[in-house]
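Here are the chains, one letter per residue:
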Amino acid sequence: MKIAIVSGKDEGPSKLNAFDNALTNAGIGDVNLIKVSSMLAGNAEINELPKLKAGAMVNCVLSEITSDNPGDKITAVVAVAIGEELGCVVETTGVNENPNDLIENAKMMVNYMMEKRDVELKDLIIESSTTTVREIASVVASVVYLKDGIIE
């Protein structure tokens, strides 16, 4: 299984536009995202995000948050744990929370998921995005499942 881990942030004139702009900033704005739960095949391979076919149906785990409250600090986090048998992904978000606390919480949750399944952790990757809202902003962090049919 091949995956890419991405993040993005941006502002926009509406919540929808801010979210779309954050997706575009992350490199996944021109595809249809299908949110899936948080399991990976064993020994998942992490790749750079390739150019995706416009309009492709793309499976992903998506952490996202949008705010129209100027001054809010918003954060989206994904934590990816990879083992030989399987892997797990955790997503979390926060408003006006310390990004490092959110990251630590995501690490704790994904480690727990691996321990509960009795799977030895081989690798742990964290991706996060934080911004302070000027007018309307969105942040995203995502694990994108890559397959040949979606890559340009």
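Described below are features of the structure shown in this document.

A few words on the overall build of the chain. Within the chain, the regular secondary structure consists of two helices and nine strands. From first element to last, N terminus to C terminus, the chain shows the α and β order β-α-β-β-β-β-β-β-α-β-β. Its C-alpha atoms give the chain a radius of gyration of 15 Å, near enough to 15 Å, the size a compact globule of 152 residues would have. For the C-alpha atoms alone, the extent of the chain along its principal axes is close to 45 × 35 × 20 Å.

In this structure, Ile-3, Leu-40, Val-80, Val-89 and Val-143 are the most contacted members of the largest nonpolar core, which totals 18 residues. The residues contacting Ile-3, other than those within four sequence positions of it, are Leu-40, Ala-44, Glu-45, Ile-46, Asn-47, Val-80, Val-143, Val-144, Tyr-145 and Leu-146. Core analysis: the next-biggest nonpolar cluster, separate from the first, contains 16 residues, Ala-4, Ala-26, Ala-56 and Val-144 among them.

Here the focus is helix H1 (residues 15-26). For H1, which comprises twelve residues, the first-to-last C-alpha distance of 17 Å matches the rise-based estimate of 16 Å (1.5 Å per residue) to within 8%. Restricting attention to buried positions, one finds in H1 the residues Ala-18, Ala-22, Leu-23 and Ala-26. All buried residues of H1 lie within an arc of 135° about the axis, which places them on one face of the element. Those residues of H1 that are buried are in contact with strand S1 (2-11), strand S2 (32-35), strand S5 (57-67) and strand S9 (137-146). Of the residues one or two after H1, Gly-27 is the one with positive phi, at around 95°.

To continue, consider the sheet that holds strand S3 (residues 39-41). Pairing is antiparallel in the open sheet, where four strands are placed in the order S3-S7-S6-S8. Each edge of the open sheet carries a strand with a single partner, namely S3 and strand S8 (123-132). Sheet twist, expressed as the average angle between the axes of neighbouring strands with direction ignored, equals 15°. Taken together, the ten bridges between strand S6 (residues 73-82) and S8 define a ladder with antiparallel strand orientation. Bridging from a neighbouring strand, Val-78 pairs with Glu-127 of S8. Packing of helix H2 (residues 99-116) onto the sheet brings it into contact with S3, S6, strand S7 (86-95) and S8, and relative to S7 it is tilted by some 150°.

A separate point is the pairing of S5. When a strand is regular, its side chains alternate between the sheet's two faces. Pairing between S2 and S5: four bridges, direction parallel. Residue pairing in the sheet places Asn-32 in a bridge with Met-57 of S5.

Once that is clear, we can look at the pairing of S6. The element S6 is extensively covered by neighbouring structure, given that nine of its ten residues are classed as buried. Pairing between S6 and S7: nine bridges, direction antiparallel. Bridge pairing in S7 links Ala-81 to Cys-88. Between the antiparallel neighbours S6 and S7 lie three residues.

The rules we used
- Residue numbers run consecutively from 1 along every chain, following the written order of its sequence.
- Whole-chain, interface and lining totals are the exception, using all residues; otherwise, since this is a predicted model, local features are given only for residues with pLDDT of at least 70 and side-chain atom pairs are given and counted only at 80 or more.
- To obtain the side-chain values, all non-hydrogen atoms of the structure were included, while hydrogens and water were left out.
- Going along the chain from the N terminus, every DSSP run of H or I of four or more residues is numbered as a helix, and every run of E of two or more is numbered as a strand.
- In this treatment the radius of gyration is a C-alpha quantity, and the globule benchmark scales as 2.2 Å times the residue count to the 0.38 power.
- Within this scheme, the nonpolar core is defined by two criteria: the residues are buried Ala, Val, Leu, Ile, Met, Phe, Trp, Tyr or Cys, and they are joined through side-chain atoms within 4.5 Å.
- For every residue, the accessible area obtained with a 1.4 Å probe (protein chains only) is divided by the maximum for its type, and the residue is called buried under 20%, exposed over 50%, and partly exposed between those limits.
- Here, two residues are considered to be in contact whenever any of their heavy atoms come within 4.5 Å of each other.
- Any helix carries an expected span of 1.5 Å times its number of residues minus one.
- This arc corresponds to the set of directions leading from the helix axis out to the C-beta atoms.
- In this analysis, strands are considered paired if DSSP registers two or more bridges between them.
- Axis definition: a line fit to C-alpha positions, over the contact stretch in the case of helices; interaxial angles, taken between N-to-C directions, run 0 to 180 degrees.

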